[in-house]
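Single-letter residue listing:
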Amino acid sequence: MIYDGALTEAFFLLFSWPIIGYAILGILIGIFIGAIPGIGPSVGMTIALPLTVLIEPTAAIIFLFTIYMGGMYGGSISAIIMNVPGTAGSAASTFDGYPLSRGGLALNALAISATSSAIGGLVGVILLLVSVPVIVAIVVAFRSPDFFLIAFIGLAMIAIIARGSLWKGLIAGFIGILYSTVGVAPITADIRYTFGRLELFDGLHLIPAILGVFAIAEMIKLSGEEGSIAKGNINLSGSAIDGIRSTLKYPAILGKSGLIGTAIGALPGAGASLANFVSYTEVVRSTKDNPKFGEGDERGLIASEASNNAAVGGSLVPTLSFGIPGSGAAAILLGALILHGLNPGPTLFDESLHITLSLYLALGFGAMFVIPVVGLLVVTRASYLTKINTDYIIPIVVVLSMIGVYTIRANWFDVITVVVVGLLGYFMVKHGYSIIAFVLGVILGPIAEQNLFRSLQLSDGSLMIFIQRPMSIALIILLILVLSAGIYDSVKED
Amino acid sequence: MDFHSLRKYESYSNYVIAFLFFAITLGWFYGSYDYSFRGAAFPRYISLIAALMCLTILLQNFLPSSVRNVVIGEESGFNLELESGETPDSEQQSKEGTESMKDRLFTASLIGGYLIGIYILGFMIATILYVIIHSLHNKISWKSTIIITLICTISVYAIGAVLTIDIWSSIYDGGIL
């Protein structure tokens, strides 16, 4: 049995104090942040990330992960009440959630959202637990050349799926890789690109890059946006109990959407933002019984909400097994793993399997208890959350980012880096360079370089090592296919 | 600034960022010759590929249309999504675009100023000044300004106290460096 008591260990780990407290706090913070339009779980996770150095690694990872999870649910609150999705993963919830709300059924819609999120999340956990043995079998079969190749496959996939062009996405990824080459070289100990500054000998840290693109750049972007704040009084009418009953009438939609969400969440670069649209489209396609999609059909909201929470669990698969995040929030989670000395890959499915399983259980615990309970308690107060002016949030995020990054290693260069990367990140988003690809480059750069040299050492410098094993050949073919698909899509658009 | 000037600015900044990336990657490529081959090979080849890719963006007008489409992809930009040659619906749209750009430039400059402020005045004083200037610019009520300032300063103070970080030192007493 692959679990070998790891599941029990994970259970006791999650339900030990203070970890369970961090899990509940994370979900509460996530719901709060997710409900504020334009903020989203990524910003919440980003500003909390440097502060997690104070707590032990498992608690830190669970805390950040539960912010992600709570944020995904919280994003639906503003989508339903104001027609403004709090996160990209809730965009499809506006199609039927807002019409329900306008039709005097806001409480029903919010209860549908909480219940569907809970059940969708739970479906994701069950699928994850079932898939662990398969993931382990794949991950342990990977060798150094494969990890080198998978790094570039991840970069290419994210460059394609992310907004903008494949070309620009790859450039962003390469710039991220170059960022990671500052400091001592992993194999030869050359001191690279430090310009003689002692502060740069340890390299440019990962956290300023994450904070720069996900917090500072986002705040600059947000400062120019208007209309995200609810005007006037919002009337929350309807019945939460009826909303729960309505949701439970559609187990097939819940199951199918949970499955779609988990599968799409597991695709590198796709995440909840794609899952909720695919799931919504599928329910529209397959429903023949009196459909009223776009006018307040409960089934549309159920599909969207069940899938985006299931995608959170799905995104853990490539993040933990290969170090390739499924979304921006998963990229931050990956950064947190590395910050706390937990490298993605075989270790997380071998000696640290209990940590991986504790994340899965946290997802299940949140889905079963916290989201329904808190979600249903929050619904009656939800309108207050959507009235928070983002102009109030911007200075708080900026200040916490600046002091937060300084806490990592008290290095003034980190504070400069966060601002420079933030400004650069703003223009990158503006001109279609994927910031997720950039962060992925920063994360994967050292992994790719180390595995490249390890492979070349094993083969006495021969590149033939990359085509000697079936796994490597399969990965090279996959890389070629991914790049070809991206190029074909761009040419076809012309 | 009218709508077309705004578009010109957008196009100009697109080239600036491509040129910046080109310069960075080229610098990385030349810099790699200062180190041993084994230590420099990885950044050298990555920077070379990236530099060539950036060059294609800079030379996009000279590329065949199908290649150009692969290189530049779909237009992004946050709120200027009109096709070339199309005119904005109203003067209002142009005004909103200009104002949102001004707001973003102000926020970016203020964050840059905050960084310099931290260096010159220390974390605590710079934070107070940053929040007040931000609030004045965004016409936030004085009550809310006080609350935001308190949240920020208490956070800075608490983090400084817990992690024993010097949040008071300014350039006058040795600075943060």
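Being a predicted model, the structure only gives us computed values, none of them experimental.

Along its length, chain B carries six helices and zero strands. Counting helices and strands in the order they occur from the N terminus, chain B gives α-α-α-α-α-α. Relative to its 177 residues, chain B shows a buried fraction of 46%. Pairs at least 24 residues apart make up 61% of the contacts formed inside chain B by residues separated by at least 6 positions. By element, 65% of the accessible surface of chain B is carried by carbon and sulfur atoms, the whole surface being about 9,700 Å².

Moving on, we come to the overall build of chain A. Within chain A, the regular secondary structure consists of 19 helices and two strands. A globule of 494 residues ought to have a C-alpha radius of gyration of about 23 Å, and chain A, at 22 Å, matches this closely. Across its three principal axes, chain A shows a C-alpha extent of roughly 70 × 55 × 50 Å. A separation of at least 24 residues holds for 78% of the contacts in chain A among residues at least 6 apart in sequence. Looking at chain A as shown, the accessible area adds up to about 16,800 Å², and 65% of this sits on carbon and sulfur atoms. Treating the 22 positive side-chain charges of chain A as one cloud and the 27 negative ones as another, the clouds have centres 8 Å apart.

All names here are of chain A. For the bond running from Trp17 to Pro18, omega is 10°, close enough to zero to count as cis. Mapped onto the fold, Pro18 is located in the loop between helix H1 (6-14) and helix H2 (19-35). Unusually for a residue other than glycine, Asp460 sits at a positive phi of about 55°. Locating Asp460 in the fold gives a position in the loop between helix H18 (435-458) and helix H19 (470-493). What makes Asp460 exposed here is its relative accessible area of 74%.

Our focus in this paragraph is the interface of chain B and chain A. Contacts between the two partners involve 69 residues from chain B, matched on the other side by 67 residues from chain A. Buried surface at the junction of chain B and chain A, both sides included, amounts to about 6,600 Å², of which 75% is carbon and sulfur. Run the count over chain B and chain A and you get zero salt bridges. Residue assignment for the side of chain B that touches chain A shows that the elements contributing at least two residues are helix H1 (3-31), helix H2 (37-58), helix H3 (65-72), helix H4 (91-121), helix H5 (123-137) and helix H6 (142-162) of chain B. With 12 residues, the single largest contributor to the side of chain B that touches chain A is H2 of chain B.

Glancing now at helix H9 (residues 240-248) of chain A. All names here are of chain A. Of all the positions in H9, only Gly243, Ser246 and Thr247 are classed as buried. Here the buried residues of H9 occupy an arc of 100° about the axis, which is enough to place them on one side. Residues of H9 that are exposed and point over 90 degrees away from its buried face: Ile241, Arg245 and Leu248. The elements touched by buried residues of H9 are helix H5 (93-140), helix H10 (251-265) and helix H12 (298-322).

On to the packing of aromatic side chains, then. In this structure the tally under the stated criterion is 21 aromatic pairs over all chains. Ring centres of Phe11 of chain A and Phe15 of chain A lie 4.7 Å apart, and the angle between their planes is 40°; this geometry places the pair in the tilted category. Relative accessible area serves as the criterion here: at 41%, Phe11 of chain A is assigned to the partly exposed category. Taken together, the ring pairs connect Phe11, Phe12, Phe15 and Phe365 of chain A into an aromatic cluster. Between Lys168 of chain A and the ring centre of Tyr433 of chain A, over which it is positioned, the NZ or CZ distance is 5.3 Å. The ring of Tyr33 of chain B carries Arg44 of chain B above its face, with NZ or CZ at 3.9 Å from the centroid.

What follows concerns the packing of helix H16 (residues 390-409) of chain A against helix H17 (residues 412-430) of chain A. Residue and element names in this part refer to chain A. Two elements in contact, H16 and H17, have axes whose closest approach is 8 Å; the angle formed by their N-to-C orientations is 145°. For the pair H16 and H17, the crossing hand works out as right-handed. Residues Met402, Val405, Tyr406 and Arg409 of H16 form the contact with H17, whose participating residues are Trp412, Asp414, Val415, Val418 and Val419. Split by residue class, the contact of H16 with H17 holds seven nonpolar, no polar and two charged.

So, on to the pattern of salt bridges. Residue and element names in this part refer to chain A. Per the counting criterion, the structure on display carries eight salt bridges over all chains. A salt bridge links Glu199 to Arg197; its shortest N-O distance comes to 3.0 Å. You can call Arg197 partly exposed: its relative accessible area is 36%. With a closest N to O distance of 2.9 Å, Asp414 and Arg409 form a salt bridge. According to the relative accessible area criterion, Asp414 is buried, its value standing at 1%. Residue class for Arg409 comes out partly exposed when judged on its relative accessible area of 26%. Where salt bridges share partners, they join Lys256, Glu282 and Arg285 into one cluster.

Formed by 198 residues in total, the largest nonpolar core has its most connected members in Tyr360, Met402 and Phe438 of chain A. With 16 residues, the top contributor of residues to this core is helix H4 (residues 57-82) of chain A. Those residues in contact with Met402 of chain A that lie beyond four places of it in its chain are Val415, Val418 and Val419 of chain A together with Ile111, Tyr114, Leu115, Ile118 and Phe123 of chain B.

Turning next to the packing of helix H8 (residues 206-223) of chain A against H16 of chain A. All names here are of chain A. Relative orientation of the contacting elements H8 and H16 amounts to 165°, with a least axis distance of 10 Å. Of the possible angle classes, the one that applies to H8 and H16 is roughly antiparallel. In this structure, H8 crosses over H16, and the sense of that crossing is left-handed. Residues Ile207, Pro208, Leu211, Ala215, Ile216, Met219, Leu222 and Ser223 of H8 form the contact with H16, whose participating residues are Thr390, Ile394, Val397, Val398, Ser401, Val405 and Ile408.

Residues and elements named next belong to chain B. A cluster of nonpolar side chains, Phe37, Tyr45, Leu48, Leu52, Leu55, Leu59 and Phe62, forms an exposed patch at the surface whose accessible area comes to about 720 Å². Relative to the helices and strands, Tyr45 is located in helix H2. Relative accessible area serves as the criterion here: at 44%, Tyr45 is assigned to the partly exposed category.

Another aspect to go through is the environment of Leu149 of chain A. Residue and element names in this part refer to chain A. The topology assignment puts Leu149 in helix H6 (residues 144-161). Note: C-alpha distance between Leu149 and Ala448 (299 residues apart in sequence) is 7.8 Å. Aside from chain neighbours lying at most four places away, what touches Leu149 is Phe466, Ser472, Leu475 and Ile476.

Residue and element names in this part refer to chain B. For chain B, per-residue confidence averages 81 on the pLDDT scale, and residues scoring 70 or more make up 76% of the total. Predicted confidence in chain B is weakest over H3, with a mean pLDDT of 77, and strongest over H5, with 93. The model gives residues 76-88 a pLDDT under 50, and that stretch makes 29 contacts with residues more than four places away or in other chains. Two numbers describe this predicted complex: its pTM, 0.80, and its ipTM, 0.86.

In this section: the environment of Leu377 of chain A. Residue position: Leu377 of chain A is located in helix H14 (residues 353-378). C-alpha of Leu377 of chain A to C-alpha of Tyr406 of chain A: the two residues are 29 residues apart in sequence and 37 Å apart in space.

What counts and what doesn't
Residues numbered from 1 in each chain as written. Chains lettered and ligands numbered in written order. Predicted model: local features only at pLDDT ≥ 70, side-chain atom pairs only at ≥ 80, totals over all residues. Heavy atoms only, no water. Helix = DSSP H or I, 4+ residues; strand = E, 2+ residues; numbered from the N terminus. Buried < 20%, exposed > 50% of the residue type's maximum accessible area, 1.4 Å probe, protein only. Contact = heavy atoms within 4.5 Å. Areas by Shrake-Rupley, 256 points an atom, 1.4 Å probe, with all protein chains shown as cover. Rg over C-alpha atoms; globule rule 2.2 N^0.38 Å. Lys, Arg positive; Asp, Glu negative; His and termini not counted. Charge placed at Lys NZ, Arg CZ, Asp CG, Glu CD. Buried area = accessible area lost by both parts, 1.4 Å probe. Salt bridge = Lys/Arg side-chain N within 4 Å of Asp/Glu carboxyl O. Arc of directions from axis to C-beta. Phe/Tyr/Trp six-rings, centres within 6.5 Å; stacked < 30°, edge-to-face > 60°. Lys NZ or Arg CZ within 6 Å of the ring centre and 35° of its normal. Axes fitted to C-alpha atoms, helices over the stretch in contact; angles between N-to-C directions. Left-handed = near helix turned anticlockwise from the far one by under 90°. Nonpolar A, V, L, I, M, F, W, Y, C, P; charged D, E, K, R; others polar. Core = buried A, V, L, I, M, F, W, Y, C linked by side-chain atoms within 4.5 Å. Parallel < 35°, antiparallel > 145°, perpendicular 65-115°, else oblique. Patch = residues over 30% accessible without salt bridge, like charges linked within 9 Å, V, L, I, M, F, W, Y side chains within 5 Å. pLDDT = per-residue confidence, 0-100.

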